[in-house]
Amino acid sequence: MRGLICLLLALYGYVLLARVLLSWFPHLPDGLRPVVELIYAVTEPVIRVARPLIPPVRIGAVALDLSILVVFFVLQLVQTAIC
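Values in this document were obtained by computation on a predicted structure and should not be read as measured data. (Residues numbered from 1 in each chain as written. Predicted model: local features only at pLDDT ≥ 70, side-chain atom pairs only at ≥ 80, totals over all residues. Heavy atoms only, no water.)

Caption draft 1: The arrangement of the pattern of salt bridges in detail. By the definition in use, this model includes four salt bridges. With a shortest N-O distance of 2.8 Å, Arg19 and Glu44 are connected by a salt bridge. Residue Arg19 is found in helix α1 (residues 2-23), and its partner Glu44 is found in helix α2 (residues 33-50); the two are separated by 25 residues along the sequence. For Arg19, a relative accessible area of 9% translates into the label buried. Among the residues examined, Glu44 registers a relative accessible area of 18% and is labelled buried. Among the salt bridges present, the one from Asp30 reaches Arg33, with a minimum N-O distance of 3.4 Å. Among the charged side chains, a salt-bridge network with shared partners connects Arg19, Glu44, Arg51 and Asp65. (Salt bridge = Lys/Arg side-chain N within 4 Å of Asp/Glu carboxyl O. Helix = DSSP H or I, 4+ residues; strand = E, 2+ residues; numbered from the N terminus. Buried < 20%, exposed > 50% of the residue type's maximum accessible area, 1.4 Å probe, protein only.)

Caption draft 2: Just the nonpolar core, in detail. In this structure, Leu9, Tyr12, Leu16, Ile47, Ala50, Ile68, Val70, Val71 and Leu75 together form the largest nonpolar core, which totals nine residues. Breaking this core down by element, the ones donating at least two residues are α1, α2 and α3 (67-82). It is α3 that contributes the most residues to this core, four residues altogether. Not counting chain neighbours up to four residues away, the residues in contact with Leu16 comprise Thr43, Ile47, Ile68, Val71, Phe72 and Leu75. (Core = buried A, V, L, I, M, F, W, Y, C linked by side-chain atoms within 4.5 Å. Contact = heavy atoms within 4.5 Å.)

Caption draft 3: Here's a closer look at the packing of α1 against α3. Put simply, α1 and α3 touch, their axes get as near as 10 Å, and they point 160° apart. On the basis of their axis angle, the class for α1 and α3 is roughly antiparallel. α3 is crossed by α1, and the crossing has left-handed handedness. Between α1 and α3, the contacting residues are Arg2, Ile5, Cys6, Leu9, Ala10, Tyr12, Gly13, Leu16, Leu17, Arg19 and Val20 on the first element and Ile68, Val71, Phe72, Leu75, Val78, Gln79 and Ile82 on the second. Class assignment of the residues belonging to the contact of α1 with α3 gives a composition of 14 nonpolar, two polar and two charged. (Axes fitted to C-alpha atoms, helices over the stretch in contact; angles between N-to-C directions. Parallel < 35°, antiparallel > 145°, perpendicular 65-115°, else oblique. Left-handed = near helix turned anticlockwise from the far one by under 90°. Nonpolar A, V, L, I, M, F, W, Y, C, P; charged D, E, K, R; others polar.)

Laid out in structure tokens, this is it:
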């Protein structure tokens, strides 16, 4: 059972990484839209919880959302504790 949880946590980390990478490419082909929507649907609930903890960092006219870093950090702590 612990191995399954470790696997799921690792997979979730990869999905979070995919979300970060997808944010760099806002105009993807329409054929990838279902995959992108699935990645956002899986990650958004967790990131939404972390957003109030860290306000966006303003760099000129750009606001950088660092809440995903909190999620990565917590995910690593959980993985270290369990796996």
